[in-house]
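Structural overview for review
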Amino acid sequence: VFLSDEKFIRELRAARFVVLPYVPYYGNSSVHYSSYIYARKPIICSDIPLFSKFTDGVNCLKFTHGDVKSFIKTLLDMRTLKCGLGCTSMLNLYV
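Structure report, in brief.

Thresholds, definitions, all that
- Residues numbered from 1 in each chain as written.
- Predicted model: local features only at pLDDT ≥ 70, side-chain atom pairs only at ≥ 80, totals over all residues.
- Heavy atoms only, no water.
- Helix = DSSP H or I, 4+ residues; strand = E, 2+ residues; numbered from the N terminus.
- Buried < 20%, exposed > 50% of the residue type's maximum accessible area, 1.4 Å probe, protein only.
- Contact = heavy atoms within 4.5 Å.
- Areas by Shrake-Rupley, 256 points an atom, 1.4 Å probe, with all protein chains shown as cover.
- Pairing = 2+ DSSP bridges.
- Axes fitted to C-alpha atoms, helices over the stretch in contact; angles between N-to-C directions.

1. Topic: the overall build of the chain
- Regarding its fold elements, the chain presents three helices and three strands.
- Starting at the N terminus and walking to the C terminus, you meet the elements of the chain as α-β-α-β-β-α.
- With 95 residues in all, the chain has 33% of them scored as buried.
- Sequence-distant contacts in the chain: of pairs separated by 6 or more residues, those separated by 24 or more amount to 57%.
- Accessible surface, the chain as shown: approximately 6400 Å² in total, 57% of it carbon and sulfur.

2. Let's talk about the sheet that holds strand E1 (residues 18-20)
- As summarised here, the arrangement of the three strands in space is E1-E2-E3, forming an open sheet in which the pairing is parallel. Strands with a single pairing partner mark the edges of an open sheet, and in this sheet they are E1 and strand E3 (61-63). When the angles between neighbouring strand axes are averaged without regard to direction, this sheet yields 20°.
- Pairing of E1 with strand E2 (residues 43-46), which is carried by three bridges, proceeds in the parallel orientation. Paired with Leu20 across the two strands is Cys45, which belongs to E2.

3. With respect to the environment of Thr64
- Looking at the element boundaries, Thr64 is found in the loop between E3 and helix H3 (68-79).
- Residue Thr64 is classed as partly exposed on the basis of its relative accessible area of 37%.
- Each C-alpha atom, one on Thr64 and one on Thr74, is 9.3 Å from the other, the two residues being ten residues apart in sequence.
- Not counting chain neighbours up to four residues away, the residues in contact with Thr64 comprise Asp47 and Ser70.

Note that all results are geometric; they support no functional claim without further evidence.
Put into structure tokens, the structure is as follows:
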């Protein structure tokens, strides 16, 4: 589904977090990463090389690719965070 920039920003602002369910052989990065980071939205992503710059528990919460139990555990772990991952430490990825 295509979203206009305005609709994308509106949806992003309404989101509590962002899930990036990419697969290992996806070799391109998303231009939306910076939008998620600057919007200070927590990122949940798989542990594939594409996200190697993201530090689990600092810039994101990672789950084991292909492991549904790991994904569910990550979602549950997110509920217990005192300070959301949308903090300024995420900005250090691209500064």
